[in-house]
There are 2 protein chains.
Amino acid sequence: MTTRADRPRRRNQVLSREQVLDAAIELLDSGGEGALTVRAMTERLATGSGAVYHHVGTRNELLDAATETIVAAALAAKPHQTGAAPEQEIRAVALALFDAIAEHRWLATRLTLQIVRNPAGPVTVEVFERIGRQVGALGVPRASWFNATSTLVHYILGAVSQHARLDGDTAGEPSDVDREEFFNALSTTWRELDAETYPFMHAIVDQAKEHDDREQFLAGIAIVLDGLARLR
Amino acid sequence: MTTRADRPRRRNQVLSREQVLDAAIELLDSGGEGALTVRAMTERLATGSGAVYHHVGTRNELLDAATETIVAAALAAKPHQTGAAPEQEIRAVALALFDAIAEHRWLATRLTLQIVRNPAGPVTVEVFERIGRQVGALGVPRASWFNATSTLVHYILGAVSQHARLDGDTAGEPSDVDREEFFNALSTTWRELDAETYPFMHAIVDQAKEHDDREQFLAGIAIVLDGLARLR
DNA sequence: ACCTGAACACCGTTCAAGT
DNA sequence: ACCTGAACACCGTTCAAGT
C-alpha cells in the first residue's frame, strides 16, 4: 500500500530552492556581494555546502538567480496598465527597476552584468520585451525598434546604476546623513579641481549637490523619449 | 663625495609603477579579470607579492589604476578639436571609449564600476568634463547641464558596455566566427520564446542579428542628442 | 626605499559517504 | 533524491626580514 505521504518520492526534503535564494538575498541585502559566501550560506541555512550546490548551483548561479527573482518580482509588481500611454508604461518599468535597486543595492552591478553579458537570459528578455512594446506603441518605425529600445534600456540601466552609487559592500539603506556626507565629500573634491582645466565640473558642483535622484532619472528618460519622438 | 648616481636616493629600483601597470594590463587583456591574480603578477614580473603592493597597492587599486591609465590614453588620443561642432566632439569621446573597450574587453565592467561608485575619481571627472563642455556648447541651458550630461554619459556607458558583450574572462579579440556564433545562439534562444508572450523579441530578432555595433551606437547617441536639442 | 616570500586567513568547489 | 562536511586547490594581504 502506498500512503499519500510517500507519493512525492522525496522523503525528507527540508530545504528548497526558494529558501536558498531567500537566504542569499538576505545576505546580499545586509552586506553586499562580499557577504555572500558559501560558508555564510551554510551557517544561515544550517546545512553543508553541497546543499547549496544541489538546489541552485555555483555562487555565480546563485547571484544570477537572486537577480532574476528580484527583477521578476519588481516587474510583476507593476503589471502592464492597459490603456496607459506608452510613455507612462516606460516610466513605470524604469521606476520599478530604480526602486528595486534602491532596496537591494547590490542589484545595480548585477543587473548591468546580466544584461551586458547575458542577452539571452530571462532578465534581459523581460526588460527588453516590456520596454520594446511601448517603443512600438510610441510610433517608432519598425526598422528602428531595436535601436530605439536598446538606447532606452542602456540609458535606464546606466542611470539606475549611477543612482545606486553607494552600493557595493556596504550594508542597509543609505541614510540621509550618509547621503549628505557623500555629496559634501563629492563637491569638495570637485571644487578642489583646477578651475582652468575643469570649468564644467565647477559649473555643475551645486546642481549635483541639490539634485533629486528620482527627478533626475525621470528627466533623463524624458530626454531620451523626446529623442525617440524624432524618429517618427 | 657624492656621485651623481646615488643622488636620487633610490639605489636599485628595478621595478616601476608603470611596469607593474603594464603587466596588469597584459594579464587583463589576455584573460580578463580572472587572470589578474597577485601570483600571476609576481611570476610575470619575477618579484615577490610585496613589490606589487609597494608600487600600486591592493588588487582593487591595481584594477582601478589600469582603468585610469587606459581611459586617460584613450581620451588623450582624441584631443579636443577646436572649431569642431559639439556633436562631433561628443561622438569622438564616445567612440574613444567604445574603441578602448573593444581593445580591452575587461574595461566594460570596470569603467562602469568606476563611474558608478567613484564619482570623485579621475575617470568620472575626465569623462564628465569632456562631455559636459559640449553640452554647454550645444545650447542646453545652464540649469540642465548636470541632467543633460548625466543622461549622455549614462547612455554612452550603458551602450559601450553592452557592445562589449563578449567580455568577461575570455581572452583576445572576438573573431568574426565568435560573433556569428554568438548571434546565431542568441537569435535561436529568442525565437524559442513563446510568441504570444514575447511578440517584441520575435519582431526584433533579425535586426539584432544584422545590426552593426558601431552604427547602432552612433544611432543611439543621435537619439539622445535629438532629445537634448529640445531643451534649448 | 625597495623588495622578498613564508605565513595567514580566507575563498569556491568537489565528491565520497551517508540516509 | 537529498544532504553532509572534510579535503583540495586556490585566493589576497601582511609583515618580519633582508639589502
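Note that the coordinates shown come from a computational prediction; the quantities given were computed from them, not determined experimentally. (Residues numbered from 1 in each chain as written. Chains lettered and ligands numbered in written order. Predicted model: local features only at pLDDT ≥ 70, side-chain atom pairs only at ≥ 80, totals over all residues. Heavy atoms only, no water.)

Engineer: Mind laying out the protein's contact with DNA strand D, listing which residues take part and the relevant values?
Structural biologist: The local shell around DNA strand D holds 24 residues, among which Gly48 and His55 of chain A together with Arg39, Tyr53 and Arg59 of chain B are the closest. Protein-proximal atoms of DNA strand D, defined as those within 4 Å of the protein, fall in sugar or phosphate at a share of 50%. Backbone polar atom of glycine 50 of chain A to a base oxygen of DNA strand D: 3.1 Å apart, as the coordinates give it. Within the residue set of the surface near DNA strand D, elements represented by two or more residues are α3 (49-55) of chain A together with α2 (38-45) and α3 (49-55) of chain B. When residues of the surface near DNA strand D are assigned to their parent elements, the largest contribution, five residues, is made by α3 of chain A. When grouped by side-chain class, the residues that make up the surface near DNA strand D number seven nonpolar, eleven polar and six charged. (Near = heavy atom within 4 Å. Polar contact = N/O pair within 3.5 Å; in protein donor to acceptor, adjacent residues only side chain to side chain. Helix = DSSP H or I, 4+ residues; strand = E, 2+ residues; numbered from the N terminus. Nonpolar A, V, L, I, M, F, W, Y, C, P; charged D, E, K, R; others polar.)

Engineer: Quick rundown of the protein's contact with DNA strand C? Include the residues and the values.
Structural biologist: Near DNA strand C, the surroundings consist of 24 residues, among which Arg39 and Tyr53 of chain A together with Thr47, Gly48 and His55 of chain B are the closest. Interatomic distance of 2.8 Å between a backbone N/O atom of arginine 59 of chain A and a phosphate oxygen of DNA strand C. One nitrogen or oxygen atom from the main chain of glycine 48 of chain B is found 2.6 Å from a phosphate oxygen belonging to DNA strand C. Elements that contribute at least two residues to the surface near DNA strand C include exactly α2 (38-45) and α3 of chain A together with α3 of chain B.

Engineer: Outline the UniProt feature "domain: HTH tetR-type" (unreviewed entry) in chain A, supporting the account with residue identities and numerical values.
Structural biologist: Under the local residue numbering, the UniProt record ascribes the feature "domain: HTH tetR-type" (unreviewed entry) to residues 14-74 of chain A. Within residues 14-74 of chain A, the helical portion is 75% and the strand portion 0%, while the C-alpha atoms at the span's ends are 28 Å from each other. (UniProt positions renumbered as here; feature names shortened; annotations may be inferred.)

Engineer: Which residues make up the relation of the copies chain B and chain A, and what values do they have?
Structural biologist: Mapping chain B onto chain A leaves a residual RMSD of 0.0 Å; the transformation is a rotation of 180° accompanied by 0.0 Å of translation along its axis. Such a turn and shift between the copies fits a two-fold axis. The share of interface residues of chain B whose copies in chain A are also at the interface is 98%, consistent with both copies meeting through the same surface. (Least-squares fit on C-alpha atoms with pLDDT ≥ 70 in both. Contact = heavy atoms within 4.5 Å.)

Engineer: Could you give an account of the packing of helix α5 (residues 86-103) of chain B against helix α11 (residues 213-229) of chain B, naming the residues involved and the relevant values?
Structural biologist: Residues and elements named next belong to chain B. In the contact formed by α5 and α11, the axes pass within 11 Å of each other and the chain directions differ by 140°. Between α5 and α11, the angle is such that the two are oblique. The handedness of the crossing between α5 and α11 comes out as right-handed. Between α5, through Glu87, Ile90, Arg91, Ala94, Leu95, Phe98 and Asp99, and α11, the contact on the second element is made entirely by Asp213, Arg214, Phe217, Leu218, Ile221 and Leu225. When its residues are assigned to classes, the contact of α5 with α11 shows eight nonpolar, no polar and five charged. (Axes fitted to C-alpha atoms, helices over the stretch in contact; angles between N-to-C directions. Parallel < 35°, antiparallel > 145°, perpendicular 65-115°, else oblique. Left-handed = near helix turned anticlockwise from the far one by under 90°.)

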